[in-house]
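# Structural description and commentary
Chain by chain, the residues run as shown.
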Amino acid sequence: MTDLVPAPIDAKAMGTALPRVDGVEKVTGSAAYAVEHPVPRPLACWLVQSTIARGRVVSVDRSAALAHPGVLSVVDHTDAPRLAETDNGELAILQDDRIGFRGQIVALVLAESSEAAREGARLVRVEQQEEPAEAELREDNATYRPEKVNPSMETDTETGDVDTALAGADVVLEQTYRTPYEHNNPLEPHATTAWWGEEDGRDRLTLYDSSQGVHGVATALAPMLGMEKEQVRVMAPYVGGGFGSKGEAHAHVMAAALAARTTGGRPVRLAVTRQQMFALTGYRTATISKFRLGADRDGRLAAIEHGVLEQTSRLREFAEQTASSTRMMYAAPNRRTSHRLAVLDVAVPSWMRAPGEMPGMYAHEVAMDELAEACGLDPVELRRRNEPDLDPEKGLPFDRRGLLECLDRGAARFGWAGRPREPRSTRDGEWWVGTGAASATYPAMRQPGNVARIESLPDARYAVSIGSVDIGTGARTALTQIAADALSVGPDAIDLHLGDTALPPASVAGGSSGTSSWGSAIVAAAQQFRTEHGHRPAPGLRTEAGAERGDEAERFSFHSFGAVFAEVRVHRDTGELRVPRLLGVYSVGRVVNPMTARSQLVGGLVMGMSAALFEESVRDPRFGHVVTQDLATYHIAAHADVTGVEAEWLDESTTTFTPMGSRGIGEIGIVGTAAAVANAAYHATGIRVRDLPLTADAYVG
Amino acid sequence: MKELAYVRASDPAQAVATVADDPDARFLGGGTNLVDHLKLGITTPGTLVDISHLPLDGFEETADGLTIGANVRNSDLAADRRVRAGWPVVSRALLAGASGQIRNQATTGGNLLQRTRCVYFQDPTTPCNKREPGSGCSAAGGYGRYNAILGASPACVTVHPSDLAVALAAVDAAVLVLGPGGRRRIPAAELHRLPGDDAEHDTVLGHGDLITAVELPASALARRSTYVKVRDRASFAFALVSVAVALDLAEDGTVTDVRVVWGGVAHKPWRAERAEDALRGRPLTEAAVRAAADAELASAAPSSDAGYKVPMVRNATALAFRRLVPALAEEDR
Ligand SMILES: Cc1cc2nc3c(=O)[nH]c(=O)nc-3n(C[C@H](O)[C@H](O)[C@H](O)COP(=O)(O)OP(=O)(O)OC[C@H]3O[C@@H](n4cnc5c(N)ncnc54)[C@H](O)[C@@H]3O)c2cc1C
Ligand code: SF4
């Protein structure tokens, strides 16, 4: 296998709206998801969860469960298979009697049917000894300074002298913005089928897992189970969404693996319930953003300070990089960002679509709206005046900074000109009407460690293989187009294979890095294949290659940008909010497939609007768990809420970043959207709500 | 899920006898509420007596109005032309609830007897007097945005979730019940109860009481009726507050008769009788409606989380009247 720096490729298939190559399987129901694969004599596994936030398991009484028809066994910390490594506190389940959060897995029930397993789990009696726990994020307990924030960014940054600059500024804005806990809630709940066997005299664990990265799951589990990575095979041919929550293996995957260890080879199916997802499969921390902006009368920023207070779990650290985008968004000579965490006895937070950028840009972009008002400026104009020449903290030029183009094009499309400056100045019948704008950004990322395989097939066809996952984004289709252009053939000449650790290594479907990372490897492998085997290869020839990076990351700062415009209507009597129009305009590099890309961007906008208006996981600190743990109480946007959502993009290509010219589109749609909606709600009503979600109670009067 | 026996009732009387004889038996209607509860372990009956196929699914025109079988699906009831013309509030309330799929499955009887959506009731790991009498009420002092503002007790602070029940109380509907002791007729407004020190029981029905039908009496009041529901999203959410208004107005704009019933504010549909009294016999104005609502709300005792419901239900009441009487003078606020 070789690594090479791939050359840019021409777009022929790329840029066309190729329908999803797996569309028929999905709409006809023949696509099998993680617990739907036919396996011989499967057992069902159900989780028994702690009902205290901190303490220990005193005893587990299995008798009633075992007496229930169909129940085969109960596994708890006294007899669960031992793990070789236990550093990952989230995955090291059933290794001791400690309880670290309410909802933690304390036992497993195996049965012949999922109904019997569920009833068995209900019948297991767990005696617990409770210890005082802390489960509430407050300003006064968020004092822990992590070494790094996700994924490996500086915790704090400082340039110049913020305090002096603020003291001398004409206009100072100081406000606190809050975002709530949020849960990813993909359509397909997390689920795993697991079985153990032997191969070449060694143990072999096989999983069908609903995952965003099969290689990552194998890499995480294998050492904990005392195995080499090759001994764990993970497959995820189809995944019903993840939004980050399937980016890493969560505890239920280990539960399935441990349970299957005890069955003498019978496969185990474990499907997490919607309610269990609120405790076990990751979520976005609540955030408190303390902003201070100092500007001159013309709105030019002299100082930007963003102090973040948020939480992590005592079991495993996850520090959301909430201030990361503040570091590169606007020019200001004096700047300071920081992250402090409350370390709580709670479930383990994780990635949720645009971790960091989503809550951070919500706060920053509402603060900018407030600053625009304080300076008497149009909000779009304020952003124009603070456009930096270089990435303000890295000091590098942006390879492409499309923000102002997005703002201008969006403003024209949306009809921003002539917007009344005064809030609460437009009423249409029963509704107050307002408009708002916000910027969006997301870093362009390419992950190392990707390898693709090209194999020539009969009839001038090619098998293209990479162990990445299509979680419903359309990656399988986009990669088919990339492979076609890289090999200079039509997309129907490509047989794409993914979703299996038996295929070459690939990074996670996360960080909007999938197409960039996997696509670059495919292009590298295709170019290497052509070098080795020419354009008329005999069938059966193979090449594996990965894509090297040049020195571009040292020369440029790579970011996507966007501008979001929202119209919000607030009912004068009831305070109810509606978003009849939402427009996002994006600079994201080349769009490989306009159909799947639009669905990503529109989906991001909808999720951002949903975060603005509805989504809130309410943790009851007395118990320690989230009590709005179903979709009747954790509201996400319903179809009736999604009326005029539109996304478009600038025609561009960034081949300094990837040979395809693309930069990644999965997350930017959610960034800034909640701020645009919040700014429009303020413009409609004159009521500034700084804590999400914006619910009717805040506007009724 | 606990293993249970499933019985298909052969007729209403046999269904009643089967359930009445077995404290562990429950009627099964469309199952959209009960089956969730079985899965979550909120209730663990030993026997389900399926009544959903019994021929209680007709509309019968009577001298007084319309009688609706308990098994009429929510979607069919909402769509019926007679209901839409004669009792628009009923149709509107149903269409403001749940989703198309659920309304296709849910029955008239089951809708009225759906249980609270209190998050602690729904979670068997937390104390709840309604689910487990004597265990305590987690909602008092907990997540309280949806809590009651009227008629709550220390035992239970939740609200009744049915939109249909609110509408029925506004049109003087009656619920026909077949019980172990025979047939009864209960005014819809008296079906549900306040918690007092017994949070367990939502209604005045006893074990084995089967709802067989709902009577809708025709009236000028019912013909001029509407429903306003305020919720957290545009569709598919339970009410924060809701208002059913039925109005009979004289030529000169004086209120001949009126019903004002509030949802989302109490353990039962809240018939705002004080507000009705304040409006009856007087000219209808926006100010009069607001003053009437305030008179009713004088006894409201909201927790801080639910305090917004006071202005919300007042405004929603004004909105409902305005929808019914577009000419209603809009006064400056
Ligand atoms: C996601 C979701 C959203 C919803 N949103 C709303 C909403 O916005 N507004 C709203 O009003 N409702 C809403 N609902 C609730 C829905 O209206 C009820 O689930 C439904 O009406 C119950 O009817 P069913 O026939 O399915 O009842 P079942 O689930 O079959 O029964 C409910 C209860 O009534 C008893 N029962 C049923 N029929 C009879 C009878 N004839 N006599 C005596 N007892 C009987 C059962 O034993 C059980 O205790 C929602 C439900 C869901 C799942
Ligand atoms: S309000 Fe009622 S239903 Fe909710 S926890 Fe208290 S007793 Fe239970």
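Just so it is clear, the structure is predicted and the values come from calculations on it, not from any experiment.

Residue and element names in this part refer to chain A. What the rule picks out here adds up to 13 aromatic pairs over all chains. Ring plane angle 45° and centroid distance 6.1 Å describe the contact between Y33 and Y238, whose orientation is recorded as tilted. Linking Y33 in the loop between α1 (23-28) and β2 (43-49) with Y238 in the loop between β14 (232-235) and α6 (251-261), this pair joins segments that are 205 residues apart in sequence. In this structure, Y33 and Y238 share a single accessibility class: buried.

The next subject is the confidence of the model for chain B. Predicted confidence across chain B gives a mean pLDDT of 96, with 98% of residues reaching 70 or more. Under the prediction, the complex receives an ipTM of 0.97, its pTM being 0.98.

All names here are of chain B. Among the 31 residues in the neighbourhood of ligand 1, the closest are listed as F27, G30, G31, T32 and T107. A distance of 2.6 Å separates an oxygen atom of ligand 1 from a polar atom in the side chain of T32. A distance of 3.2 Å separates a nitrogen atom of ligand 1 from a polar side-chain atom of Q114. For ligand 1, whose accessible area on its own is 980 Å², the fraction buried by protein is 93%.

Counting residues at the interface gives 40 residues for chain A and 40 residues for chain B. Counting the surface chain A buries against chain B, the share from its top three residues, R572, D573 and H635 of chain A, is 16%. Inspection of the region where chain A meets chain B yields four salt bridges. Notably, a salt bridge pairs D573 of chain A with R290 of chain B, separated by 3.7 Å at the nearest N-O pair. Here chain A is connected to chain B by 15 residue pairs in polar contact (both at pLDDT 80 or more). Per-element tally for the side of chain A that touches chain B: the top contributor is helix α3 (residues 114-123) of chain A, with four residues. Residues that form the side of chain A that touches chain B fall into these classes: twelve nonpolar, twelve polar and 16 charged.

If charged atoms from side chains of opposite charge come close, those side chains can pair. By the definition in use, this model includes 80 salt bridges over all chains. With its nearest N and O atoms 3.1 Å apart, the salt bridge here joins E158 of chain A to R336 of chain A. Here E158 of chain A, found in strand β10 (residues 157-159), pairs with R336 of chain A, found in strand β18 (residues 334-344); they are 178 residues apart in sequence, far enough to count as distant. Among the ionic pairs, K130 of chain B bridges to D202 of chain B, the shortest N-O distance being 2.6 Å. Highlighted residues: K130 of chain B in the loop between α7 (108-112) and α8 (163-170) and D202 of chain B in the loop between β7 (182-187) and β8 (210-217), separated in sequence by 72 residues. D202 of chain B matches K130 of chain B in its accessibility class, with the two residues each being buried.

Bringing helix α15 (residues 673-685) of chain A into the picture now. Relative to the 18 Å expected for 13 residues at 1.5 Å per residue, α15 of chain A spans 18 Å between its end C-alpha atoms, a close match to the ideal helical length. A positive backbone phi angle near 80° is found at G686 of chain A, which sits one or two residues after α15 of chain A.

Residue and element names in this part refer to chain A. Membership of the largest hydrophobic core comes to 93 residues, with the highest contact counts inside it found for I105, L108, L205, L221, L225 and M254. For this core, the leading source of residues is α6, giving nine residues. For M254, the residues in contact, after removing those within four places along its chain, are L83, L91, I93, L221, M224 and L225. Counting 87 residues, the second-largest nonpolar core is a separate cluster that includes L382, A637, V671 and V689.

We now examine the layout of surface pockets. Here the second largest pocket defines a volume of roughly 1,200 Å³. As for the second largest pocket, its lining consists of 45 residues, of which T51 of chain A together with L40, D123, P124 and T125 of chain B are closest to the centre. When contributions to the lining of the second largest pocket are tallied by element, the ones reaching two or more residues are β2, α3, β7 (125-130) and α7 (274-280) of chain A together with α2 (34-40) of chain B. In terms of residue class, the lining of the second largest pocket is made up of 17 nonpolar, 18 polar and ten charged.

So, on to empty space enclosed by the protein. Residues and elements named next belong to chain B. Taken as a whole and assessed by the stated rule, the structure comprises ten cavities of 30 Å³ or more. Reported here for the largest cavity is a volume of approximately 290 Å³. Contributing to the lining of the largest cavity are 26 residues, with R117, C118, Y146, T158 and V159 lying nearest its centre. Secondary structure elements with two or more residues in the lining of the largest cavity: α8 and β10 (239-249). Here the lining of the largest cavity is composed, by residue class, of twelve nonpolar, eleven polar and three charged.

Moving on to the pairing of strand β24 (residues 542-547) of chain A. All names here are of chain A. Alignment of strand β1 (residues 2-4) against β24, held across three bridges, turns out to be parallel. From the neighbouring strand, T2 faces β24, where its bridge partner is A545. Of the strand pairs in this sheet, strand β21 (residues 451-457) and β24 are connected by five bridges, and their pairing is antiparallel. Following the sheet pairing, R453 is matched in β24 by E544.

All names here are of chain A. The residue R383 is located in helix α9 (residues 379-385) in this model. Sequence separation of R383 and T16 is 367 residues, and the distance between their C-alpha atoms is 34 Å. Those residues within four positions of R383 in sequence are excluded, and the remaining contacts are Y330, E365, M368, D369, L404, L407, A437, A438, S439 and N679.

Quick look at the environment of P180 of chain A now. All names here are of chain A. Structurally, the position occupied by P180 is in the loop between β11 (171-179) and β12 (191-199). Accessibility expressed as a relative area gives 8% for P180, which makes it buried. Linking P180 and G415, residues 235 residues apart in sequence, is a C-alpha distance of 32 Å. The contact partners of P180, leaving out residues within four places of it in the chain, are R284, T285, A286, E615, E616, L692 and P693.

The rules behind each value
- Positions within a chain are numbered from 1, following the residues in the order the chain's sequence is written.
- The naming scheme follows written order: chains are lettered A onward, ligands numbered 1 onward.
- Totals for whole chains, interfaces and linings use every residue, but because this is a predicted model, local features are given only for residues with pLDDT of at least 70 and side-chain atom pairs only at 80 or more, for both listing and counting.
- To obtain the side-chain values, all non-hydrogen atoms of the structure were used and water was disregarded.
- Geometry of aromatic contacts follows a simple scheme: Phe, Tyr and Trp rings, the Trp one being its six-membered ring, pair when their centres are within 6.5 Å, and the pair is stacked under 30 degrees between planes, edge-to-face over 60, tilted otherwise.
- Numbered from the N terminus, helices here are DSSP runs of H or I no shorter than four residues, and strands are runs of E no shorter than two.
- Burial classes follow relative accessibility: with a 1.4 Å probe on protein chains only, a residue under 20% of its type's maximum area counts as buried, one over 50% as exposed, and anything between as partly exposed.
- Confidence per residue, as judged by the predictor, is encoded in pLDDT with a range of 0 to 100.
- For this description, a residue counts as near a given molecule or strand if any of its non-hydrogen atoms is within 4 Å of it.
- Counted as a polar contact is a pair of N or O atoms within 3.5 Å, where, for protein atoms, one must be capable of donating a hydrogen and the other of accepting one, and residues adjacent in sequence contribute only when both atoms are in side chains.
- Here the accessible surface of atoms and residues is derived via Shrake-Rupley with a 1.4 Å probe, and residues count as covered only by protein chains that are part of the display.
- The contact definition used throughout considers only heavy atoms, calling two residues in contact when any of these lie within 4.5 Å.
- Once two parts are put together, the accessible area they lose, assessed with a 1.4 Å probe and summed over both, is termed the buried area.
- Whenever Lys or Arg places a side-chain nitrogen within 4 Å of a carboxyl oxygen from Asp or Glu, that contact is recorded as a salt bridge.
- Under the scheme applied here, ten amino acids are nonpolar (Ala, Val, Leu, Ile, Met, Phe, Trp, Tyr, Cys and Pro), four are charged (Asp, Glu, Lys and Arg), and all others, including Gly, are polar.
- Here the expected span of a helix is defined as 1.5 Å times the quantity of residues minus one.
- By nonpolar core we mean a set of buried residues, namely Ala, Val, Leu, Ile, Met, Phe, Trp, Tyr and Cys, connected to one another through side-chain atoms within 4.5 Å.
- The way it works is a 1 Å grid over only the protein atoms, where trapped points that fit a 1.4 Å probe form a cavity and open points with protein on both sides within 12 Å along at least five of seven lines form a pocket, and then any residue with an atom within 4 Å of a point lines it.
- Grid points are joined across faces, edges and corners, and a volume is the space filled by probe spheres set on the points.
- Two strands are counted as paired when DSSP detects at least two bridges linking them.

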